[in-house]
Amino acid sequence: MDSTLRQLTAYAAVARAASFTAAATHLRVSQSSLSRAVADLERQLGARLMERDTRNVELTAAGVEALRIAEQIVNAHRSGMKELERFLLGESGTVAVATLPSVAAVLLPRVILDFRRQRPQVTVQLMDGLEQSVLSRVLSGDADFAITTGEPSGQLEHRPLVRDRFVAVLPQEHPLAERAEVTWDDLAREPFLAVGPDSSVRRLTDAAFAQIGAGSAPAAEAGNVATVGGLVAAGLGVTAMPALVLPLLGTGPFVQRPLVEPTVHRRLDIAVRARRPLPLAADRFLETLQEFRSRHNELPPGVTWA
């Protein structure tokens, strides 16, 4: 029969105190129950662990080794239970967030800093990618939730978070840079530099061009927004980007101008699996995000809380 945790705890207490009376007081149990637990352990092991008389307790060689192993087991159990308690309270574990690169790089760092100050034993894992890959990570269970674009579905529940306005991004010396505002029709008359077709930004720029009846075939496209920024800075054309993406474009030289006719916003939502509770650590992260939002922390120009 396997030795029980109670027996090992009792034996370790007696062995360390070298006294049944002192150990019983420390554990707040009767001395008779403590004696039975130690005797049962010796019977199961088939070895005498301690020599005792009315005054003294002295460990045998087997008892010394048994004490070492018993303390390892008891301490591991205590440590494991504390870790489980922290996890159940949302104080440990991992929060997996799937999100767009602009959110990961611009919006979330200050939120993560606040969260980690409160819960330093929780790891935050950022899975940045394009819209569809982000949503699929939530559906597969790889991520606890997402912050992304996209429409609600039966599988995902969306909670609006922020809106960022599209702006024109122009070479510094471009004639349109002299204007206070730029229209989508203005951009349609210029070589347009687009991000790849899998990007949510591309979907929205194509829709804006379609709304004014303009062709949206780009002069060039790239999968990375920083690459598009480099092309604009080199004078190869113009582009349109949501305000939250602008810090990812690089240093230029280029300028940005508000886009009108139409004014286009990108809405970013928190997406969670419908009808499934979040792990407590993830729930705590969203609470921190809500606290960050409620303090009206300053957002980049063109970005507002939804």
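Engineer: Help me understand the packing of aromatic side chains, please; the structure alone is not making it clear to me.
Structural biologist: What the rule picks out here adds up to 6 aromatic pairs. Ring geometry for Trp-184 versus Phe-209: centroids 5.3 Å apart, planes at 90°, classification edge-to-face. Of this pair, Trp-184 sits in helix α7 (residues 184-188) while Phe-209 sits in helix α8 (residues 200-211), and the two are 25 residues apart along the sequence. Overall, Phe-209 belongs to the buried group, its relative accessible area being 2%. Through pairs of rings, three or more aromatic residues link up here, namely Phe-166, Trp-184, Phe-192 and Phe-209.

Engineer: What am I meant to see in the pattern of salt bridges here?
Structural biologist: When their charged atoms lie close together, side chains carrying opposite charge are able to pair. Taken as a whole and assessed by the stated rule, the structure comprises 16 salt bridges. Notably, a salt bridge pairs Asp-114 with Arg-295, separated by 2.7 Å at the nearest N-O pair. Taken together, the residues Asp-114 in helix α5 (residues 101-118) and Arg-295 in the loop between α10 (280-294) and β13 (303-305) connect sequence positions 181 residues apart. Look at Asp-114 and you get buried, because its relative accessible area is 16%. We classify Arg-295 as partly exposed; its relative accessible area is 46%. Asp-185 serves as the salt-bridge partner of Arg-189, at 2.8 Å between the closest nitrogen and oxygen.

Engineer: Honestly, the side chain of Ser-102 in this entry has me stumped. Any pointers?
Structural biologist: With respect to the helices and strands, Ser-102 occurs in helix α5. Within the structure, Ser-102 has its side chain in polar contact with the side chain of Arg-266 (distance 3.3 Å). Once residues lying within four places of it in the same chain are set aside, the contact partners of Ser-102 are Leu-107, Leu-244, Val-245, Leu-248 and Arg-266.

Engineer: Looking at this model, I keep getting lost on the pairing of strand β5 (residues 145-148). Mind explaining?
Structural biologist: Two faces, one strand: in a regular strand the side chains alternate between the faces of the sheet. The alternating pattern of β5 places Phe-145 and Ile-147 and Ala-146 and Thr-148 on opposite faces, both of which are buried. The pairing of strand β3 (residues 93-99) with β5 spans 3 bridges and is classified as parallel. Bridging from a neighbouring strand, Ala-98 pairs with Ala-146 of β5. Where β5 and strand β12 (residues 265-273) come together, 3 bridges link them in antiparallel fashion. Along β12, the bridge assignment pairs Thr-148 with Asp-269.

Engineer: What should I look at first to understand the packing of helix α2 (residues 20-27) against helix α3 (residues 31-45) in this one?
Structural biologist: The description of two packed helices rests on the angle between their axes and on the distance between the axes. Direction vectors running N to C along α2 and α3 enclose 105°, while the axes themselves pass 9 Å from each other. Taken together, the axes of α2 and α3 lie roughly perpendicular to each other. Facing α2, whose interface residues are Phe-20, Thr-21, Ala-23, Ala-24 and Leu-27, α3 presents Gln-31, Leu-34, Ser-35 and Val-38. Taken together, the residues of the contact of α2 with α3 break down into 6 nonpolar, 3 polar and no charged.

Engineer: Would you explain unusual backbone geometry in this entry?
Structural biologist: Glycine aside, the phi torsion of most residues is negative, and most peptide linkages are trans. For the peptide bond that leads from Glu-261 to Pro-262, omega is 5°, which places it in the cis range. Positive phi outside glycine occurs at Arg-28, with the angle close to 60°. Residue classification places Glu-261 among the exposed positions, given a relative accessible area of 59%.

Engineer: Explain the nonpolar core here, please?
Structural biologist: Nonpolar side chains in soluble globular proteins generally cluster together in the buried interior. If you look at the biggest cluster of nonpolar residues, it comprises 41 residues, and the most contacted ones within it are Val-95, Val-103, Phe-145, Ile-147, Leu-161, Ile-270 and Phe-285. The element best represented in this core is α5, accounting for 7 residues. Setting aside residues no more than four positions away along its own chain, Val-95 makes contact with Phe-115, Val-122, Thr-123, Val-124, Gln-125, Asp-144, Phe-145, Ala-281, Ala-282 and Phe-285. Counting residues in hydrophobic clusters, the runner-up holds 32 residues, among them Phe-166, Ala-194, Phe-209 and Val-225.

Engineer: What is the right way to read the packing of α5 against α10 from this model?
Structural biologist: For the pair α5 and α10, interaxial distance at closest approach is 9 Å and the crossing angle is 120°. It follows from the interaxial angle that α5 and α10 lie oblique. The two elements α5 and α10 cross, and the hand of that crossing is right-handed. Contact residues: Leu-108, Arg-110, Val-111, Ile-112, Asp-114, Phe-115 and Gln-118 in α5; Ala-281, Arg-284, Phe-285, Thr-288, Leu-289, Glu-291 and Phe-292 in α10. Tallied by class, residues from the contact of α5 with α10 come to 8 nonpolar, 2 polar and 4 charged.

The rules behind these values
Residues numbered from 1 in each chain as written. Predicted model: local features only at pLDDT ≥ 70, side-chain atom pairs only at ≥ 80, totals over all residues. Heavy atoms only, no water. Phe/Tyr/Trp six-rings, centres within 6.5 Å; stacked < 30°, edge-to-face > 60°. Helix = DSSP H or I, 4+ residues; strand = E, 2+ residues; numbered from the N terminus. Buried < 20%, exposed > 50% of the residue type's maximum accessible area, 1.4 Å probe, protein only. Salt bridge = Lys/Arg side-chain N within 4 Å of Asp/Glu carboxyl O. Polar contact = N/O pair within 3.5 Å; in protein donor to acceptor, adjacent residues only side chain to side chain. Contact = heavy atoms within 4.5 Å. Pairing = 2+ DSSP bridges. Axes fitted to C-alpha atoms, helices over the stretch in contact; angles between N-to-C directions. Parallel < 35°, antiparallel > 145°, perpendicular 65-115°, else oblique. Nonpolar A, V, L, I, M, F, W, Y, C, P; charged D, E, K, R; others polar. Core = buried A, V, L, I, M, F, W, Y, C linked by side-chain atoms within 4.5 Å. Left-handed = near helix turned anticlockwise from the far one by under 90°.

Remember that the coordinates give geometry; whether it matters functionally is a separate question.
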